[in-house]
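Results of the structural survey
Spelled out, the chains give:
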Amino acid sequence: MKKVLIIEDEAKISRFLQLELKHEGYETQIAEEGRKGYSMAQTGEFDIIILDLMLPNLSGIEICRRLRSEGIDTPIIMLTAKDDVSDKVTGLDVGANDYMTKPFAIEELLARMRVALKNNDRTNTAAVIRCGKLVLNREKYEVKYDDTPITLTKKEFELLSYLMMNKNIVLSREQIVENVWGYEYEAETNVTDVYIRYLRSKIDEVFGTSFIKTVRGVGYQFRDEEE
Ligand code: CA
């Protein structure tokens, strides 16, 4: 069953969506304000997100921008009451997959959801990254070493995922922070050192491996176990 996150402050609309989507065989969860919606979306456990633009606490645009900068590529369909071209452009600019203006026909939303889900299935074929016995699954948010599960926080997971995607490449602290945390943290590059330490303590120190190398004066490099 595909999981849908509905981030919408108008209860009338979110309940209507929940009912209709349930009827179509989707599993749904509702967040009625921006911050909650953002933290639920960050878990990466949803197949698709329906995101209202105007929300209390954190706007739909800001949620979308943050999720994309964190590497979360869950398809997002934006909703707005305003028929405003600039909002539409901004929404798509920050990484929304599609856009609908309220009021909308449920059939149209369902059709657009199917397209977004289908496109996402295609791009997610590389969801599993392997380095020796270390296997990371971006879809399931799962990391295992030799079939032993490793429990990571969301940020640790994103960092490991970024390192593994760029394996054998030396990455600067600035590059890492920009890609894993987003530009807001750019000044605090030592956050990288802290999280690298966490990853080493959970992986290299536990399994006696040496995946993460420090490259003096530059940053870090993730290396295949065998090398
Ligand atoms: Ca709203």
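Residues numbered from 1 in each chain as written. Predicted model: local features only at pLDDT ≥ 70, side-chain atom pairs only at ≥ 80, totals over all residues. Heavy atoms only, no water.

1. Some words on the sheet that holds strand 12 (residues 219-222)
Basically, it comes down to this: Strand pairing is assigned whenever DSSP identifies at least 2 bridges connecting the two strands. Only DSSP runs of H or I with at least four residues qualify as helices, and only runs of E with at least two residues qualify as strands; both kinds are numbered from the N terminus onward. Whenever a helix is involved, its axis is fitted only over the stretch in contact; in every case the axis is a line through C-alpha atoms, and angles between N-to-C directions fall within 0 to 180 degrees. In what follows, residue pairs with any heavy atoms lying within 4.5 Å of each other are defined as contacts.
The three strands are arranged 10-12-11 in an open sheet whose pairing can be described as antiparallel. Looking at the sheet topology across the chains shown, the edges are occupied by strand 10 (170-172) and strand 11 (212-215). In this sheet, neighbouring strand axes are inclined to one another by 30° on average, regardless of whether the strands run parallel or antiparallel. Bridge count between strand 11 and strand 12: four bridges; the pairing is antiparallel. The partner of Val-215 across the bridge, within strand 12, is Gly-219. Along the sheet, helix 7 (residues 173-180) contacts strand 10 and strand 12; its crossing angle with strand 10, the most-contacted strand, is approximately 75°. The strands that helix 8 (residues 190-202) touches are strand 11 and strand 12; relative to strand 11, the one it contacts most, it runs at about 150°.

2. Section: the packing of aromatic side chains
Heads up, the rule is: Any two of the Phe, Tyr and Trp rings considered here, Trp counted by its six-membered ring, make a pair once their centres fall within 6.5 Å; the pair's planes then place it as stacked at under 30 degrees, edge-to-face at over 60, or tilted in between. Here's how the labels work: a residue is buried when its accessible area is under 20% of the maximum for its type, exposed when over 50%, partly exposed in between, all with a 1.4 Å probe on protein chains only.
Enumeration according to the criterion identifies six aromatic pairs in this entry. Ring centres of Tyr-195 and Tyr-198 lie 5.1 Å apart, and the angle between their planes is 75°; this geometry places the pair in the edge-to-face category. Taken together, the positions of Tyr-195 and Tyr-198, both in helix 8 and three residues apart, correspond to about one turn of that helix. Here the aromatic rings of Phe-211 and Phe-222 are separated by 5.2 Å at their centres, their planes lie at 5°, and the arrangement is stacked. In this pair, Phe-211 sits in the loop between helix 9 (204-207) and strand 11 while Phe-222 sits in strand 12, placing the two residues eleven residues apart along the sequence. The exposure class assigned to Phe-211 is buried, which follows from its relative accessible area of 1%. Judged by its relative accessible area of 1%, Phe-222 is buried. Through a chain of ring-to-ring contacts, the aromatic side chains of Tyr-145, Phe-207, Phe-211 and Phe-222 assemble into a single cluster.

3. As for helix 6 (residues 154-165)
Threshold: Expected span of a helix: the number of residues minus one, times 1.5 Å.
Here helix 6 contains twelve residues, and its C-alpha end-to-end distance of 16 Å stays within 8% of the 16 Å for a straight helix at 1.5 Å per residue. If you check which residues of helix 6 are buried, you get Lys-154, Lys-155, Glu-156, Phe-157, Glu-158, Leu-159, Leu-160, Ser-161, Tyr-162, Leu-163 and Met-164.

4. Examining the coordination of the calcium ion
The condition that has to hold: Any nitrogen, oxygen or sulfur atom within 2.8 Å of a metal ion counts as a donor, with the limit raised to 3.2 Å for Na, K and Ca, and since water is left out, coordination shells can look unfinished.
Listed as protein donors to the calcium ion are Asp-9 (OD), Asp-52 (OD) and Met-54 (O); their distances from the metal cover 2.1 to 2.3 Å. Positions of the donor residues of the calcium ion, expressed as sequence spacing, correspond to D-x42-D-x1-M. In this pair, Asp-9 is assigned in the loop between strand 1 (3-7) and helix 1 (11-23) and Asp-52 in strand 3 (residues 48-52), connecting sequence segments 43 residues apart. By relative accessible area, which is 33% here, Asp-9 ends up partly exposed. Residue Asp-52 is classed as buried on the basis of its relative accessible area, which comes to 2%.

5. Some points on helix 7
This is how the line gets drawn: This arc is taken over the directions from the axis of the helix to the C-beta atoms.
By the burial criterion, the buried members of helix 7 are Ile-176, Val-177 and Val-180. Axial view of helix 7: buried residues confined to an arc of 95°, hence all on one face. The inward-facing, buried residues of helix 7 contact helix 3 (60-69), helix 6, strand 10, helix 8 and strand 12. Count one or two residues on from helix 7 and you reach Gly-182, which has phi positive near 90°.

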